[in-house]
Every structure is written in structure tokens, then in C-alpha cells.
Amino acid sequence: MELIQLTPHSEVDPSQPLRAPGDILLHAYLIPSALNPAQLARRSGIPSDHIKAFIADTHPITPKTALRLSLIFDTTAFYWLALQARYDLERAKPAIRAYRPLVD
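Residues numbered from 1 in each chain as written. Predicted model: local features only at pLDDT ≥ 70, side-chain atom pairs only at ≥ 80, totals over all residues. Heavy atoms only, no water.

## Things to note about the packing of aromatic side chains
Part 1 of the argument: This model, assessed by the stated rule, comprises 5 aromatic pairs.
Part 2 of the argument: Ring centres of Phe73 and Trp80 lie 6.5 Å apart, and the angle between their planes is 50 degrees; this geometry places the pair in the tilted category.
Part 3 of the argument: For Phe73, a relative accessible area of 13% puts it in the buried group.
Part 4 of the argument: On the basis of relative accessibility, which here comes to 0%, the residue Trp80 falls in the buried class.
Part 5 of the argument: Between Tyr79 and Trp80 the ring centres are 5.1 Å apart and the planes differ by 75 degrees, which places this aromatic pair in the edge-to-face class.
Part 6 of the argument: Ring pairs connect the aromatic residues Tyr29, Phe73, Tyr79 and Trp80, which therefore count as one cluster. (Phe/Tyr/Trp six-rings, centres within 6.5 Å; stacked < 30°, edge-to-face > 60°. Buried < 20%, exposed > 50% of the residue type's maximum accessible area, 1.4 Å probe, protein only.)

Quick look at the structure:
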């Protein structure tokens, strides 16, 4: 079994545009699969209102949801969590730009 190599300086490709995980869920998975939130809810066990909240960017994708999406769309749970983490980190950056590292 090969594990992903993570280091303290691991980063994602900054040339990729930042998109909300719900936007990716909608445009890369639901629309091409001809699924609506209610159909995905029935197949995955994720409440329909949660799916709509992901798409509206009002609720984050949780580990439990990531596991369910990975089963439905043949991805990994890590993929969904990484999308959410990248999105959350990029949105948080403007608020912490004034802080400096401990090491000079």
C-alpha cells in the first residue's frame, strides 16, 4: 500500500483556480452524472439539505460526507477533504497575513 507523502511544506498546485468543493461536486460530478441533490441523497445517505448546503457553499464537506461521496463517485475521501481544506485555507489567508513565522 502506497501512502501519500506529506511534509511540513506540502502544497497544492497554485496554478489551479480555487473552487468551492460544492461547485466541484455540482459541475464535475452531479451534472455529468445527471443527478440532482435528492437523487444523490437517496444513493449516499447524505441528507438532501446538506448536499444543497455544500453546493451553496454554506456547509463544509465533513469526513463522514467525504467517505460517502468517495463511494458514490469512485474517488477517495482524501480527495474531498483536500478540496475542502484547500478552499478553507485560501479563504482564511487574508485574515492572517499580518502574522509572522516564529523562526526569523
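## Structural notes on the pattern of salt bridges
Part 1 of the argument: Scanning the model with the defined rule gives 3 salt bridges in all.
Part 2 of the argument: The partner of Asp57 in a salt bridge is Arg91, with the nearest N and O atoms 3.1 Å apart. Of this pair, Asp57 sits in the loop between α3 (48-55) and α4 (63-73) while Arg91 sits in helix α5 (residues 77-96), placing them 34 residues apart in sequence.
Part 3 of the argument: Overall, Asp57 belongs to the partly exposed group, its relative accessible area being 32%.
Part 4 of the argument: The exposure class of Arg91 is partly exposed, given its relative accessible area of 49%.
Part 5 of the argument: A salt bridge links Glu90 to Lys93; the nearest nitrogen and oxygen atoms lie 2.9 Å apart. Residue Glu90 and its partner Lys93 are located together in helix α5, separated by 3 residues, close to a single helical turn.
Part 6 of the argument: According to the relative accessible area criterion, Lys93 is partly exposed, its value standing at 30%. (Salt bridge = Lys/Arg side-chain N within 4 Å of Asp/Glu carboxyl O. Helix = DSSP H or I, 4+ residues; strand = E, 2+ residues; numbered from the N terminus.)

## What about the side chain of Ser70?
Part 1 of the argument: Relative to the elements of secondary structure, Ser70 occurs in helix α4.
Part 2 of the argument: A distance of 2.7 Å separates a polar side-chain atom of Ser70 from the backbone oxygen of Leu67. (Polar contact = N/O pair within 3.5 Å; in protein donor to acceptor, adjacent residues only side chain to side chain.)

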